[in-house]
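Observations on the three-dimensional arrangement
Here is what each chain is made of, one letter per residue.
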Amino acid sequence: VLDVSLRESGCVFTTLGAENGDLVTTLQSVSFEGSETEWTTSPLTTLCIRVYALSDGGAFVIGDTKCAYYNSTGEIQSLCDYSGTLADFAFSDERAAVLLENEERRQSHLLLFSEPASQPAEVAIPSIAKSVVVDGEKAYLLGAKGIESYAFSGERMSELNVTDAYEKLLKNGKYFYL
């Protein structure tokens, strides 16, 4: 078992396996009220980093090479292969932000998932970004020059310059912690 995410009356968990020489992740949903598995996914060729149970009985999985939304029967609703190296991710209120890094080009890409079945809005960041946080209707990105906020449509909403170098961004209420 790689990861477990609890929901009201059960959980979703991931297991690691190998198929044709590749690492694969399989998700299973179980109910605490019964003894049988609710659903099991087909193997996904990625190493699961984190799984999130959704309110409708589905799940969102962040892997090292791709991420995917699954519906309440374990079928893939959307799948996104990464165009770079996973740098950071955030998930809140069934919205996700995935930060990818391209070290050769010294730039980042931010993928914004507004709802389970949607394709992500993609934002090109002209430098290496460090961290991402999801809070409400916005994703907050810690970049080379400061904190930027984005709507899940990909529109940049605001920017706050930060003069010192920081590695991680946290948000609690209206306060940012670096």
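Before any of the text, the structure's been laid out above.
What this report covers is the structure whose coordinates are included nearby. (Residues numbered from 1 in each chain as written. Predicted model: local features only at pLDDT ≥ 70, side-chain atom pairs only at ≥ 80, totals over all residues. Heavy atoms only, no water.)

**Let's talk about the sheet that holds strand β8 (residues 76-81)**
The strands making up a sheet associate through backbone hydrogen bonding, with each pair oriented either parallel or antiparallel. If you walk across this open sheet you meet the 4 strands as β5-β6-β7-β8, and the pairing is antiparallel. The two strands at the open ends of the sheet, each matched to only one other strand, are β5 (48-53) and β8. Geometrically, the sheet is characterised by an average inter-axis angle of 10 degrees between neighbouring strands, direction not taken into account. Of the pairings in the sheet, the one linking strand β6 (residues 59-63) to strand β7 (residues 66-70) comprises 4 bridges and is antiparallel in character. Paired with A59 across the strands is Y70, a residue of β7. (Pairing = 2+ DSSP bridges. Helix = DSSP H or I, 4+ residues; strand = E, 2+ residues; numbered from the N terminus. Axes fitted to C-alpha atoms, helices over the stretch in contact; angles between N-to-C directions.)

**A few points about the pattern of salt bridges**
Taken as a whole and assessed by the stated rule, the structure comprises 9 salt bridges. E38 is the salt-bridge partner of R7, the closest N and O atoms lying 2.3 Å from each other. Placement of R7 in strand β1 (residues 3-7) and of E38 in strand β4 (residues 37-40) is noted, with a sequence separation of 31 residues between them. (Salt bridge = Lys/Arg side-chain N within 4 Å of Asp/Glu carboxyl O.)

**Considerations on the environment of S149**
With respect to the helices, strands and loops of the structure, S149 is situated in strand β15 (residues 146-151). Residues S149 and E137, spaced 12 residues apart in sequence, show a C-alpha to C-alpha distance of 9.9 Å. Only 2.7 Å separates the side chain of S149 from the side chain of S158, close enough to count as a polar contact. (Polar contact = N/O pair within 3.5 Å; in protein donor to acceptor, adjacent residues only side chain to side chain.)

**Considering the pairing of strand β10 (residues 95-102)**
In terms of burial, β10 is a largely internal element, 6 of the 8 residues being buried. Of the strand pairs in this sheet, strand β9 (residues 85-92) and β10 are connected by 7 bridges, and their pairing is antiparallel. Bridge pairing in β10 places T85 opposite E101. Taken together, β9 and the strand that follows it, β10, pair antiparallel across an intervening segment of 2 residues, in which D93 is found at a positive phi of about 50 degrees. (Buried < 20%, exposed > 50% of the residue type's maximum accessible area, 1.4 Å probe, protein only.)

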